Amino acid sequence: STQSRSSAASDVYKRQTIDLAGGLELRGLAAESDTIFGALLWDPSGQRIYVRRFDVAAGELSSTELTNPDNTPTDFGIGDSRLEYGGGQYGAYYHVHSDTGHEGDTLKWIDAASGAETTGWGWGCSHSMSNLLRFNPGLDTFMPACVTDCFPGTSGDFAANAIGGIYLNHNQSHVLDVDAGCNGDVAGELGGAGLGPNGWVMTFNAHQAPATAGQGSYDASSMNQDIGFVAVDASMQPGTVVWLTETPGNEDDATAVRWEPSDDGSEQYVVGWHGDETHWLARVDATGSFLEGPVDLAGAAAWGKRDDPMRAHANGDVSWAWFDDPGSTTLHVARLTSGSTCGG
C-alpha cells in the first residue's frame, strides 16, 4: 500500500546515516529524486573538488573529480560554490584560483547517469565574489549568476576604472553596476533565486546610488546596502531592478521562492532578508510590488548566511532549515502552508 511504502521510506530516512567521506568539506547539495542526491565535496588539503552521487539506502553511487588545466579550488576565502540538479545532470558553479594568482569561477556539468564531466566555462567572473545556480524545469534551463568586483566590466587602470557588477550566465547579461575595487572589495552580494513560470526572480543586496568607477569609489563605512529584486526571463535577460528596502542600515542574506496559494492563481513570491538584527518575510507580485508585509520574524524563524534556503514543495508549501550558530547541532525547520494539494 502507499501507506506501507511511505512508512518504509520514512524508516530509511530516520535510520540511515551517510558518510560523505572524511576530510572533505560539503560545498553544495542537490536532490535528484526522493532517494538520490549529489554532493559537491572539496578537499582543502589537496585543493581538489568532486561531485559525488549518493543513494540514501545504498550509499555512494559515483564520484567525478572536477578539473581545469590552469586553476584549482583553493580556500574559498572569497568566492562561492553551488550545486544544482536538472535535466539529467548536475551543475557545479564554484570559485577557483588560477595558476597565475587570480580569483575566478568555473561552471561544470556532470552527467548523472555516467558521471562524465563537461565544462561550461573554465574561467568566468573575476574576481567572482558570490554565485547562484538555479534550474527551472519548466524551461529546462539553468540560470548562473555572479557578483564580480572587477571583470567583466572593468577596463584599463584599476585605480581609475574599477567597477563591479551583477551578471547572468558569466557575461551574457548585465543586471547592475556596483562600486568595487578589483581587490576583493565589492558593494553587492547575491541572495536567492526563485523559479517563475517564465524565468526566475533574483534577490540581492547592493547600494541604490549609481555606481562610480575607481578603487576609491568603495567605502565600507558608507555603502548602505538595500535589498534588490529583479525578474529574469527565459533568455536570461533581466528586467528593471526594484528595491524592496530603503533604510539607513544594511540588509543582506536575501531569498526568494515561488508562492502558489490555493485561492489565488496570480504570480507571487515569498521574499526574505536579514536586517536590524532580525529576519523579515514579505509577499510580492511578479514585479516586486508588496502584497503583504514585510513581517518581523522576531526570533520565530531565521536562515543562514548566503544559503538561498527556501524551496517550494509540489503542493506549493515553502520550507527551509537552519542552524542558529556555527557548530550548533540543533536543526530548525520552518514551513509556510499554502493550502494547496498535490495534483495528479
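Preceding this section is the structure that the text describes.
The paragraphs below set out a description of the structure included in this document.

### Points about the overall build of the protein
Secondary structure assignment for the protein yields two helices and 24 strands. Relative to the globule expectation of 20 Å for 344 residues, the C-alpha radius of gyration of the protein, 20 Å, shows essentially globular dimensions. Along the three orthogonal principal directions, the C-alpha set of the protein runs to about 70 × 50 × 40 Å. For the protein, buried positions account for 49% of its 344 residues. A separation threshold of at least 6 residues defines the contact pool for the protein, and within that pool the share at least 24 residues apart is 48%. Carbon and sulfur atoms provide 49% of the accessible area of the protein, an area that totals close to 15400 Å². One finds the centroid of the 16 positive side-chain charges in the protein at a distance of 11 Å from the centroid of its 46 negative side-chain charges.

### Concerning a nonpolar patch on the surface
A cluster of nonpolar residues, Phe323, Leu331 and Val333, forms a patch on the protein surface that exposes about 320 Å² of accessible area. By the element assignment, Val333 lies in strand S24 (residues 332-336). Under the relative-accessibility criterion, Val333 is labelled exposed at 63%.

### Brief notes about the packing of aromatic side chains
This structure, assessed with the given rule, holds ten aromatic pairs. Relative to Phe142, the ring of Phe135 has its centre 4.7 Å away and its plane inclined at 55°; by these criteria the two rings are tilted. Assigned by exposure class, Phe135 and Phe142 land together as buried. Connected via pairs of aromatic rings, a cluster forms that spans Trp109, Phe135 and Phe142. Here the guanidinium or amino end of Arg27 rests over the ring plane of Phe76, the centre of that ring lying 3.9 Å away. The ring centre of Tyr50 lies 4.7 Å from the NZ or CZ of Arg52, which sits over that ring.

### Quick look at the nonpolar core
Judged by nonpolar contacts, the single largest core of 22 residues is most densely connected at Met143, Ile166, Val175, Leu190, Met202 and Phe204. Mapped onto this core, the elements with two or more residues apiece are strand S10 (126-136), strand S11 (141-151), strand S12 (164-168), strand S13 (173-178), strand S14 (188-195), strand S15 (199-206) and strand S16 (226-233). Broken down by element, this core gets its largest block of residues, four residues, from S15. When residues no more than four places from it in sequence are discounted, the contact partners of Met143 are Leu132, Leu133, Arg134, Leu168, Ala193, Trp200, Met202, Val232 and Met236. By size, the runner-up hydrophobic cluster in this structure holds 15 residues, among which are Ile36, Leu40, Trp42 and Tyr94.

### A look at the environment of Gly122
Take Gly122: it is sitting in the loop between strand S9 (117-121) and S10. Note: C-alpha distance between Gly122 and Phe37 (85 residues apart in sequence) is 25 Å. Leaving out residues up to four positions away in the same chain, Gly122 has contacts with Asn68, Asn71, Val96, Asp105 and Thr106.

Cut-offs applied
- All residue numbers refer to position in the chain's written sequence, counted from 1.
- Selection of residues for local features in this predicted model requires a pLDDT of at least 70, selection of side-chain atom pairs for listing and counting requires 80 or more, and totals for whole chains, interfaces and linings are taken over all residues.
- Side-chain measures here rest on the full set of heavy atoms in the structure, leaving out hydrogens and waters.
- Comment: elements are numbered from the N terminus, with helices defined as DSSP H or I runs of at least four residues and strands as E runs of at least two.
- Here the radius of gyration uses the C-alpha set of atoms, whereas the globule reference equals 2.2 Å times the residue count to the power 0.38.
- Any residue under 20% of the maximum accessible area for its type is buried, any over 50% is exposed, and the rest in between are partly exposed; the area is computed with a 1.4 Å probe on protein chains only.
- We call two residues contacting when some pair of their heavy atoms lies within 4.5 Å.
- Accessible surface area values rest on a Shrake-Rupley calculation with a 1.4 Å probe, where residue burial reflects the displayed protein chains alone.
- In this tally Asp and Glu are treated as negative and Lys and Arg as positive; neither His nor the chain ends contributes.
- One atom stands in for each charge, and that atom is NZ of Lys, CZ of Arg, CG of Asp or CD of Glu.
- Like charges within 9 Å and nonpolar side chains (Val, Leu, Ile, Met, Phe, Trp, Tyr) within 5 Å are joined into patches, using only residues over 30% in relative accessible area that form no salt bridge.
- By definition, a salt bridge exists where a carboxyl oxygen of Asp or Glu is found within 4 Å of a side-chain nitrogen of Lys or Arg.
- Classification of ring pairs uses Phe, Tyr and Trp, with its six-membered ring standing for Trp, and accepts pairs whose centres are within 6.5 Å; under 30 degrees between planes counts as stacked, over 60 as edge-to-face, and the remaining range as tilted.
- Only Lys NZ and Arg CZ are tested; either one counts as a charge over a ring when it is within 6 Å of the ring centre and within 35 degrees of the ring normal.
- Grouping buried Ala, Val, Leu, Ile, Met, Phe, Trp, Tyr and Cys residues that are joined through side-chain atoms within 4.5 Å yields what is termed a nonpolar core.

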